[in-house]
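# Results of the structural survey
Take a look at the letters that make up each chain.
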Amino acid sequence: MPNCPKCDKPVYFAERKTSLGKDWHGSCLRCEKCNRTLVPGSHAEHEGKPYCNQPCYSALFGPGGFGRGGSESYVYK
Ligand SMILES: [Zn+2]
Ligand SMILES: [Zn+2]
């Protein structure tokens, strides 16, 4: 049984959301900054923590520019 990286409790199949290569509770996969619920595969990540693409990731780690639709073009490591 995998443990949720957010709350460190076991994640059962029915409530599991897989993102960033980890298994999360559906209610635990939230943006670290604004607490918005995230959709697996369509959010950003920084140091293993989930963030929403807009506005949080862009504001915190992005280039600060406009006109970018997604995070696919940018990989910040
Ligand atoms: Zn959890
Ligand atoms: Zn956010």
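Check the entry above for the structure.
Residues numbered from 1 in each chain as written. Chains lettered and ligands numbered in written order. Predicted model: local features only at pLDDT ≥ 70, side-chain atom pairs only at ≥ 80, totals over all residues. Heavy atoms only, no water.

### A closer look at the coordination of the zinc ion (ligand 2)
Where a metal carries four tetrahedral donors, each ideal angle is 109.5 degrees; where it carries six octahedral donors, the ideal angles are 90 or 180 degrees. Note the cut-off: Atoms are scored as donors when they are N, O or S and lie within 2.8 Å of the metal, with 3.2 Å used for Na, K and Ca; no water is included, so coordination may look incomplete. Geometry assignment treats four donors as tetrahedral when all angles are between 85 and 135 degrees, treats four as square planar and six as octahedral when opposite donors are over 155 degrees apart and all others between 65 and 115, and treats everything else as irregular. Categorising residues by exposure relies on relative accessible area from a 1.4 Å probe, with only protein chains included: less than 20% of the type maximum marks a residue as buried, more than 50% marks it as exposed, and the intermediate range marks it as partly exposed.
Bound to the zinc ion (ligand 2) on the protein side are C31 (SG), C34 (SG), C52 (SG) and C56 (SG), at distances that span 2.2 to 2.3 Å. If you look at the zinc ion (ligand 2), its four donor atoms make angles of 103 to 117° with each other, and the shape they trace is tetrahedral. Here the donor residues of the zinc ion (ligand 2) share one chain and are spaced in sequence as C-x2-C-x17-C-x3-C. What makes C56 buried here is its relative accessible area of 4%.

### Observations regarding the coordination of the zinc ion (ligand 1)
Around the zinc ion (ligand 1), the protein supplies C4 (SG), C7 (SG), H25 (ND1) and C28 (SG) as donor atoms, at distances of 1.9 to 2.3 Å. Considering all four donor atoms around the zinc ion (ligand 1), the spread of angles at the metal, 100 to 114°, places the coordination shape in the tetrahedral class. Expressed as a motif, the donor residue spacing for the zinc ion (ligand 1) is C-x2-C-x17-H-x2-C. Using a relative accessible area of 30% as the deciding quantity, one classes C7 as partly exposed.

### Concerning the environment of D8
As a reminder of what qualifies: Helix and strand assignments come from DSSP, with helices taken as H or I runs of at least 4 residues and strands as E runs of at least 2, each series counted from the N terminus.
Note that D8 resides in the segment before β1 (16-19). A relative accessible area of 58% places D8 in the exposed class. For the pair formed by D8 and H25, sequence separation is 17 residues and the distance between their alpha carbons is 10.0 Å.

### So, the pairing of strand β2 (residues 22-25)
Put simply, the rule is: At least two bridges found by DSSP between two strands is the condition for calling them paired.
With four bridges joining them, β1 and β2 adopt antiparallel strand pairing. Within β2, the residue paired with S19 across the bridge is K22. Counting the residues that bridge the hairpin from β1 to β2 gives two residues, and of these L20 lies at a positive phi of roughly 55°.

### What about the nonpolar core?
Applied cut-off: What we call a nonpolar core is a set of buried Ala, Val, Leu, Ile, Met, Phe, Trp, Tyr and Cys residues that are connected through their side-chain atoms within 4.5 Å. Pairs of residues are marked as contacts when any of their non-hydrogen atoms sit within 4.5 Å.
Counting nine residues, the largest nonpolar core is built from W24, L29, C31, L38, A44, Y51, C52, C56 and Y57. Not counting chain neighbours up to four residues away, the residues in contact with W24 comprise C4, P5, K6, V11, E15, R16, K17, S19, L29, G48 and P50.

### Notes on the pattern of salt bridges
Once their charged atoms are close, side chains differing in charge can pair, the charge on each being opposite to the other. Our working definition: The term salt bridge refers to a pairing of a side-chain nitrogen on Lys or Arg with a carboxyl oxygen on Asp or Glu at a separation within 4 Å.
In this structure the tally under the stated criterion is two salt bridges. Residues D23 and R16 are paired through a salt bridge, measuring 3.9 Å at the closest nitrogen-oxygen approach. Exposure remark for D23: the relative accessible area of 17% places this residue in the buried category.

### As for unusual backbone geometry
Most peptide bonds are trans, and most residues other than glycine sit at a negative phi. Look at the link from Q54 to P55: it is a cis peptide, with omega at 0°. Tracing the backbone shows P55 in helix α1 (residues 53-61). Phi at L20 takes a positive value of approximately 55°, unusual for a residue other than glycine. Along the polypeptide, L20 turns up in the loop between β1 and β2.

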